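Architecture at a glance
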There are 2 protein chains.
Amino acid sequence: MAAPHPLSALSIEETNLARDVVRAAHPGTVLFFRQNYLWEPPKADVLRFLELEHSRQLTPSSPRPARCAQVFYDVIGGQAKAQYNEAVVDLNLRTVVDHKVIGTEHQSSLTTKEFEELVECVQASALFQQKVSELKLPEGFEVIVEPWPYGAPDIEDGDNRYFQALMFARDTRSGNPDSNFYAYPLPLIPVMDAATKTIVRIEEPATGGRGDSLTAKTHKPEIVDHCLESEYVPELLPGGVRKDLKPLTVVQPEGPSFSITDGNLLKWQKWRMRVTFNSREGAVVHDVRYDGRPVMYRLSISDMTVPYADPRPPYHRKQAFDFGDGGLGHCVNNLTLGCDCLGVIKYFDGVLINSSGDAEETKNVICLHEQDNGINWKHTNWRTGRAVVTRRRELVIQFIITLANYEYIFAFKFDQSAGINIEARATGIVSVVNIDQGKTSPWGNVVSPGALAQNHQHVFCIRVDPSIDGHENTVVQEESLPLRIDQRTNPKGNLYEVRHTPITTSAGLDAAPFNNRVFKIQNLNKINPITQRPVGYKIIPPPTQLLLADPNSRQAQRALFAKHHLWVTKYKDHEFFAGGRYTLQSKREVGGVSDAADRNEDVLNQDIVVWSVFGLTHNPRIEDWPVMPVEMLNLSITPTDFFTKNPALDVPSDKDLGSQLTAGASTNAGSSCCKL
Amino acid sequence: MAAPHPLSALSIEETNLARDVVRAAHPGTVLFFRQNYLWEPPKADVLRFLELEHSRQLTPSSPRPARCAQVFYDVIGGQAKAQYNEAVVDLNLRTVVDHKVIGTEHQSSLTTKEFEELVECVQASALFQQKVSELKLPEGFEVIVEPWPYGAPDIEDGDNRYFQALMFARDTRSGNPDSNFYAYPLPLIPVMDAATKTIVRIEEPATGGRGDSLTAKTHKPEIVDHCLESEYVPELLPGGVRKDLKPLTVVQPEGPSFSITDGNLLKWQKWRMRVTFNSREGAVVHDVRYDGRPVMYRLSISDMTVPYADPRPPYHRKQAFDFGDGGLGHCVNNLTLGCDCLGVIKYFDGVLINSSGDAEETKNVICLHEQDNGINWKHTNWRTGRAVVTRRRELVIQFIITLANYEYIFAFKFDQSAGINIEARATGIVSVVNIDQGKTSPWGNVVSPGALAQNHQHVFCIRVDPSIDGHENTVVQEESLPLRIDQRTNPKGNLYEVRHTPITTSAGLDAAPFNNRVFKIQNLNKINPITQRPVGYKIIPPPTQLLLADPNSRQAQRALFAKHHLWVTKYKDHEFFAGGRYTLQSKREVGGVSDAADRNEDVLNQDIVVWSVFGLTHNPRIEDWPVMPVEMLNLSITPTDFFTKNPALDVPSDKDLGSQLTAGASTNAGSSCCKL
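Residues numbered from 1 in each chain as written. Chains lettered and ligands numbered in written order. Predicted model: local features only at pLDDT ≥ 70, side-chain atom pairs only at ≥ 80, totals over all residues. Heavy atoms only, no water.

1. Brief notes about the side chain of Asp-322 of chain A
Residue and element names in this part refer to chain A. Following the sequence through the fold, Asp-322 ends up in the loop between β16 (319–320) and β17 (344–353). Summary of buried charges: Asp-322 has no salt-bridge partner, and the nearest side chain of opposite charge, Arg-558, is 10 Å away. Beyond its immediate chain neighbours, meaning those up to four positions away, Asp-322 contacts Asp-303, Met-304, Val-306, Leu-328, Leu-403 and Tyr-408. (Helix = DSSP H or I, 4+ residues; strand = E, 2+ residues; numbered from the N terminus. Buried < 20%, exposed > 50% of the residue type's maximum accessible area, 1.4 Å probe, protein only. Lys, Arg positive; Asp, Glu negative; His and termini not counted. Salt bridge = Lys/Arg side-chain N within 4 Å of Asp/Glu carboxyl O. Contact = heavy atoms within 4.5 Å.)

2. Some words on the relation of the copies chain B and chain A
Least-squares fitting of chain B to chain A yields an RMSD of 0.0 Å, with the superposition described by an axial translation of 0.0 Å and a rotation of 180 degrees. When the rotation and shift are considered jointly, the pair of chain copies conforms to a two-fold rotation axis. For chain B, the smallest separation between a C-alpha atom and the rotation axis is recorded for Val-250 of chain B, amounting to 2.3 Å. The overlap is high: 99% of the interface residues of chain B also sit at the interface in chain A, so the same surface is used on both sides. (Least-squares fit on C-alpha atoms with pLDDT ≥ 70 in both.)

3. Observations concerning the UniProt feature "domain: Copper amine oxidase catalytic" (unreviewed entry) in chain A
With numbering matched to this structure, UniProt assigns "domain: Copper amine oxidase catalytic" (unreviewed entry) to residues 249–649 of chain A. Within residues 249–649 of chain A, the helical portion is 2% and the strand portion 51%, while the C-alpha atoms at the span's ends are 28 Å from each other. (UniProt positions renumbered as here; feature names shortened; annotations may be inferred.)

4. Regarding the side chain of Asn-490 of chain B
Mapped onto the secondary structure, Asn-490 of chain B falls in the loop between β26 (474–482) and β27 (496–502). Discounting residues that sit within four places of it in the chain, Asn-490 of chain B has contacts with Pro-311 of chain A together with Leu-483, Arg-484, Ile-485 and Leu-495 of chain B.

5. Overview of unusual backbone geometry
Across the junction of Pro-313 of chain A and Pro-314 of chain A, the peptide omega takes the value 0 degrees, indicating a cis bond. With respect to the secondary-structure elements, Pro-314 of chain A resides in the loop between β15 (293–307) and β16. Along the chain, Trp-625 of chain B connects to Pro-626 of chain B via a cis peptide bond; the corresponding omega equals -5 degrees. Examined against the element boundaries, Pro-626 of chain B turns out to sit in the loop between β32 (608–618) and β33 (628–640).

6. Regarding the sheet that holds strand β23 (residues 444–448) of chain A
Residue and element names in this part refer to chain A. The strand order β22-β24-β23 describes an open sheet built from 3 strands, whose pairing is antiparallel. The outermost strands of the open sheet, each flanked by one partner alone, are β22 (432–434) and β23. Ignoring strand direction, the axes of neighbouring strands in this sheet form an average angle of 40 degrees. Two strands pair when backbone bridges link them, and β22 and strand β24 (residues 451–454) are joined in this way by 3 bridges, in the antiparallel orientation. In the sheet register, Val-432 faces β24, and the bridge partner there is Ala-453. (Pairing = 2+ DSSP bridges. Axes fitted to C-alpha atoms, helices over the stretch in contact; angles between N-to-C directions.)

Below, the structure is given as structure tokens:
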């Protein structure tokens with residue numbers, strides 16, 4: 001069998017081999033495995049390989065980067081606390097080539113196994129049983145334990161590893177296991193010490209509203225009597241589903257326009273790239289080229305943070321890093337044909353591991369499809385009446401994650417004009433806590449009786465590792481700025497200045513939409529023959545609100561990446577994570593993009609990385625309940641003076657022959673959109 | 001035949017009747033007709049009618065608003081200059097009920113007939129012939145006259161009515177009438193006096209670049225020898241069209257989910273509205289209701305301005321108001337099945353007039369269809385593995401206009417979550433002027449040899465006349481603002497303030513995305529029973545750059561609406577146009593939204609109008625040439641605490657059975673997206 005491509009994910013065999021090598025390195029000890037996925041080779045090694053690959057000089061004897069796995073695991077027994085280890089395993093040498101024991105100042109990413117332990121631990125807790133018994137739950141209600149990361153720790157928490165659980169009650173009387181328990185929040189938050197597997201305390205947040213103190217206990221024992229059912233599964237909807245929606249189907253009689261070869265090599269018209277999946281980042285896109293020219297070395301969702309703004313203890317701790325805390329691998333949805341996307345779909349499977357380290361194939365973690373997005377370009381010559389119009393076809397690489405109550409849908413979209421869009425959609429069930437009957441709150445919105453949806457933010461960071469016609473790139477800020485009337489240079493006052501400012505030192509930068517600020521990633525060594533400007537791609541930073549928490553707060557300290565809209569740093573191998581390598585229960589962002597920028601490195605005509613930060617301040621509306629319609633965010637990356645004309649000019653303007661007129665209307669002839 | 005609905009456009013018969021009544025009012029004189037369309041009845045009269053209609057109390061004897069047409073025309077002969085008149089004709093009384101002669105300080109909107117006269121006038125001009133002969137055009141090239149409005153006039157132009165033409169050369173050797181002449185710009189701009197139909201002068205703009213003066217004449221007689229062909233019609237593309245795009249078809253076997261009755265009454269699931277077309281605004285949406293509750297009284301594209309930033313005379317005059325200058329009726333595209341939209345399409349026809357006042361039916365001026373826009377909401381219960389996912393179906397009301405070189409695509413989109421999106425797409429051919437060989441310019445980008453695409457802006461204004469559960473509405477500004485750590489109120493620093501500020505007096509307001517500033521249109525008299533907040537809809541003003549021209553410039557003075565992102569004014573009958581009633585060659589915005597706001601009227605709990613202004617600063621990239629891929633702008637209007645839950649909760653989660661796996665992969669069973 002041929003050696004795997006250096007940018008392909010580990011196979012089941014490779015994953016299990018890495019496990020065996022690690023086990024062998026720890027004879028007679030129990031290991032608890034957390035993550036195991038490709039250790040991407042140093043970029044220099046990959047580039048050497050890609051040069052051979054793209055120049056068709058690759059032979060079986062060509063030098064290849066070492067094929068390595070990175071394995072994260074605990075060594076249990078011996079010492080009081082489990083000891084967190086990280087190893088790099090060379091799969092050809094079958095040996096550990098790098099090994100670190102991580103200090104207790106960092107927490108390893110969590111696993112679903114730990115969440116299961118938390119649930120068992122809570123249920124077994126006498127203290128918890130007693131607290132629940134003090135509440136008067138209605139007949140037929142059961143208690144639900146919702147595991148959460150501990151979030152933003154307090155100083156007194158030290159280096160202890162904690163988990164917390166949010167509590168809800170579920171009305172079992174429908175007999176439907178999917179009846180929505182979030183409608184019945186309970187003001188109990190058990191905290192487990194992961195080392196001792198004991199509930200160290202149960203916090204009892206206040207349930208008051210406007211004017212009440214942050215801590216006053218005002219709830220009645222009949223804690224959910226004022227709550228109301230809020231179902232979303234169709235069979236439980238009081239009125240059932242609407243009947244007046246007719247089917248709309250996407251048909252591709254000749255199949256898709258893309259091909260997949262060599263396992264993960266995706267070709268679509270003039271685009272070519274490799275798609276991988278790993279347990280930390282989900283879908284990653286590598287070696288993106290258009291018409292043979294390199295555009296991106298790597299595109300990924302680096303991290304995100306979701307801080308909550310309710311000041312009442314312990315809600316200040318509610319702050320998830322949905323990629324970093326657990327590695328989202330185990331949160332990835334298995335996608336379903338005709339539901340998560342339409343048309344002709346290609347699914348990719350992923351490899352994850354269990355806590356014994358055994359590889360497990362997970363089906364349909366990424367879906368790939370084409371979609372139509374309206375008109376791409378059109379012009380009508382009014383002299384001749386001739387109209388030429390082309391559709392906008394997009395290629396979509398999508399994955400979806402579920403984190404307890406909430407869902408995110410991420411898509412890398414490529415279009416025929418050589419543009420790239422990275423879309424994030426937020427949906428799922430907003431996080432609610434109990435609020436006393438009849439009260440309202442400055443900290444959120446009452447979306448259902450007794451259920452307060454707390455104000456919060458979602459801040460995302462997309463990591464863009466560009467290769468604009470090569471790997472020496474420069475970010476140039478462009479602004480359009482007003483000018484005053486000047487008899488010599490601007491006699492009528494209609495001129496504005498387009499100002500270009502190259503970014504020379506690694507830094508965090510901000511959006512400025514009222515200056516039309518855009519950032520061009522340019523290759524200063526390649527000049528467009530017609531415009532005489534450097535070839536480039538333009539990033540328009542979404543002008544969204546940044547993190548609101550006080551800069552001195554724990555929430556802000558552990559998400560320094562959320563201080564700026566766009567970071568430019570010098571490329572460094574394995575520097576992938578904006579919020580740092582260890583976000584779970586972190587006290588401060590360490591080794592994230594903020595530290596990378598603080599190296600103050602030269603980023604002029606260098607191998608650089610661009611980090612785009614954008615977000616959503618989510619003050620819930622009742623229309624977000626019980627499951628919210630998607631909120632959409634989009635990062636646009638488009639060519640500017642990279643080509644010598646509109647790259648979509650040669651898209652055929654064929655008419656969609658499947659389209660029809662509404663009944664009664666007469667059809668019109670011809671199969672071209674070039675109307676004569 | 002039943003009386004037409006008060007919110008229906010004039011029929012051909014009504015249009016011709018209005019013409020006849022106006023003719024009869026001017027015996028023995030020649031009339032030149034410009035526009036003739038529905039004079040919308042005063043809102044008070046319409047509301048009385050709608051109340052009867054929606055309460056099903058309408059009878060043939062019910063009182064109806066007067067049915068009137070507004071007719072714009074010149075009276076020719078007699079006086080030296082044609083005299084511009086506006087009349088309102090009562091179609092039942094068959095009489096002119098209002099008549100105004102418009103003063104010469106205002107220019108009437110232009111018509112295509114005047115453009116035809118301009119072309120003839122230029123071609124017949126000896127001066128023009130001589131100027132052309134001084135240029136050495138290659139064998140086989142012909143001269144093309146591109147009519148333009150005069151734009152921003154200079155003081156010395158007084159009240160004279162002028163038109164200008166941009167000049168290009170067309171290579172006729174291909175024999176193809178659609179070969180792209182824009183690739184060969186000529187530095188000649190003839191100016192015609194519309195009263196005398198004579199070319200009063202021919203301006204010769206400079207063709208220099210960076211470092212050259214604004215006026216230096218540096219071009220050679222061989223003016224287009226350094227230009228290159230830039231074709232876009234498929235048969236002229238050197239390489240032909242790409243062959244690797246497979247068909248993607250939208251099929252609706254059971255037809256669309258919408259219905260059209262009573263000519264223009266559109267029903268789609270829980271939405272209900274009326275759609276009309278007129279020669280000034282294009283598609284207009286009236287009386288928008290969701291589930292029987294009023295949401296919008298009227299939605300329209302009010303106006304837009306496109307100022308160019310090249311300071312060289314006479315380019316400072318290049319500033320179009322694409323709705324106001326001509327009434328875009330004659331610029332509207334006749335849409336084509338399967339090209340301008342996919343699926344099952346309903347087309348609406350429109351009624352326009354010729355300069356004799358005769359009604360002319362124009363086919364397919366608006367298209368109506370449904371589209372899929374990905375996932376609308378999803379939640380997976382990780383305990384049971386049960387996923388419920390619904391698609392996002394949208395209803396699209398679209399129209400497209402062509403203005404010489406350029407195209408705009410406008411769409412009113414309604415979704416199943418009771419949201420409204422108004423989308424503008426810009427495409428077509430960017431405006432270019434001649435530039436000397438080898439030069440670059442601070443005023444634009446060389447997109448083709450010899451062709452400089454000038455920097456410019458597009459600023460749009462959407463008029464939103466809300467009726468949120470009634471006609472007494474209030475705009476409330478909401479901002480999310482940081483708070484410092486405070487031991488009593490914000491001990492951990494995670495709290496942020498959500499501040500609400502009602503707008504009490506008519507005014508222009510601005511976007512502030514870094515404060516997460518949104519504007520809620522609320523009905524303070526209707527309180528949501530669960531959230532205890534006023535019912536409302538939220539407008540997120542697109543945070544785009546406003547007009548850049550010097551506030552004292554002519555460009556800025558005639559587009560005062562472009563000073564702010566959001567205007568709130570008190571409703572006034574027939575106050576529809578943000579840039580004023582008379583934008584053609586205007587010296588200053590008169591009677592536009594700025595004047596309306598300056599009335600300083602009470603807008604607290606009143607019948608109000610909200611005007612959303614957003615735009616695109618367009619510094620062209622070569623990828624915009626020769627026809628640019630769409631730039632998309634979107635205005636989002638979504639319910640906030642208007643309902644008592646997600647309005648799309650009852651959308652069925654049926655699987656699209658037309659979807660397929662790529663060849664080789666195995667399908668998965670079931671017809672529901674509720675995965676078990």
